[in-house]
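The chain contents come next:
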Amino acid sequence: LPREIIVSDGGSLDRTVEIARTLADKVVVMETGKPSPGHERNDGAAVARGEYLAFVDCSVSIRDPDAFFAHALQYFKDDATLVAVVGPQRIHPHLATRADRLLLGCMNALFRFQNNVLGRGAGTTKFMMIRRSAFDAVDGFRKDLVDGEDLNMMLRLSKIGPTLSAKDLGIWYL
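Residues numbered from 1 in each chain as written. Predicted model: local features only at pLDDT ≥ 70, side-chain atom pairs only at ≥ 80, totals over all residues. Heavy atoms only, no water.

### A few points about the overall build of the protein chain
When helices and strands are tallied, the protein chain shows 6 helices and 9 strands. Taking 2.2 N^0.38 as the reference for a compact globule, 174 residues should give roughly 16 Å; the C-alpha atoms of the protein chain span a radius of gyration of 16 Å, in line with that estimate. Looking at the protein chain residue by residue over its 174 residues, the buried ones come to 43%. Taking the contacts inside the protein chain whose residues are at least 6 apart along the sequence as the reference set, 69% of them involve residues at least 24 apart. Counting only carbon and sulfur atoms, one obtains 56% of the accessible surface of the protein chain, whose full area is about 9,800 Å². Taken together, the 22 basic and 22 acidic charged side chains of the protein chain have centroids lying 5 Å from each other. (Helix = DSSP H or I, 4+ residues; strand = E, 2+ residues; numbered from the N terminus. Rg over C-alpha atoms; globule rule 2.2 N^0.38 Å. Buried < 20%, exposed > 50% of the residue type's maximum accessible area, 1.4 Å probe, protein only. Contact = heavy atoms within 4.5 Å. Areas by Shrake-Rupley, 256 points an atom, 1.4 Å probe, with all protein chains shown as cover. Lys, Arg positive; Asp, Glu negative; His and termini not counted. Charge placed at Lys NZ, Arg CZ, Asp CG, Glu CD.)

### Some words on the nonpolar core
A general trend in soluble globular proteins is that nonpolar side chains are found buried together. Within the largest apolar cluster, 16 residues are counted, with the highest numbers of intra-cluster contacts made by Phe55, Met128, Ile130, Phe135, Met153 and Leu157. If you tally residues by element for this core, the top one is helix α6 (residues 149-158), at 3 residues. Among residues more than four places away in sequence, those in contact with Phe135 are Asn42, Ala45, Leu53, Phe55, Ile130, Gly140, Phe141, Met153 and Leu157. Of all hydrophobic cores here, the second largest spans 14 residues; its members include Val60, Ile62, Phe69 and Ala166. (Core = buried A, V, L, I, M, F, W, Y, C linked by side-chain atoms within 4.5 Å.)

### Describing the pattern of salt bridges
Scanning all chains against the criterion turns up 9 salt bridges. Salt-bridge contacts for Asp57 lead to Lys126; the nearest nitrogen and oxygen are separated by 2.7 Å. Here Asp57, found in the loop between β3 (52-56) and β4 (60-61), pairs with Lys126, found in the loop between α4 (98-118) and β7 (127-131); they are 69 residues apart in sequence, far enough to count as distant. Residue class for Lys126 comes out buried when judged on its relative accessible area of 17%. (Salt bridge = Lys/Arg side-chain N within 4 Å of Asp/Glu carboxyl O.)

See the structure below:
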């Protein structure tokens, strides 16, 4: 499965950039200012060459990434009008509390309802895959938001085409 791994870093004080340079195809580092998540994601997207952009948070684990992303891409191939897909979020069973499972279960159900029934995009960048043309059409993530930029992105995307919350594209918090 062809892919390009880009890490966008907003000034980590640990070894993130050093480690990323050994694993990623490109590392984008913001040297000045106080970056917002939207700014960092837009900077990463600016150097990406693909037709689809997948945003995955650093605190996430994906089982069998090749199969996962091939499956995610299939949703776009099956529906040429689809602009974005998200999946449910889970915490690893050995870390999850009952409250975690309840909260994420409610949030995942809400996102499925909003995307798949109401046609009102919702999701987070724990995992979000966006058609590049749609990303460009809405001018990327809002740089002025320090939180909620991912929910805002999905809402704006749903105004130009359908978004999907795919139950079978679940990710795990580490």
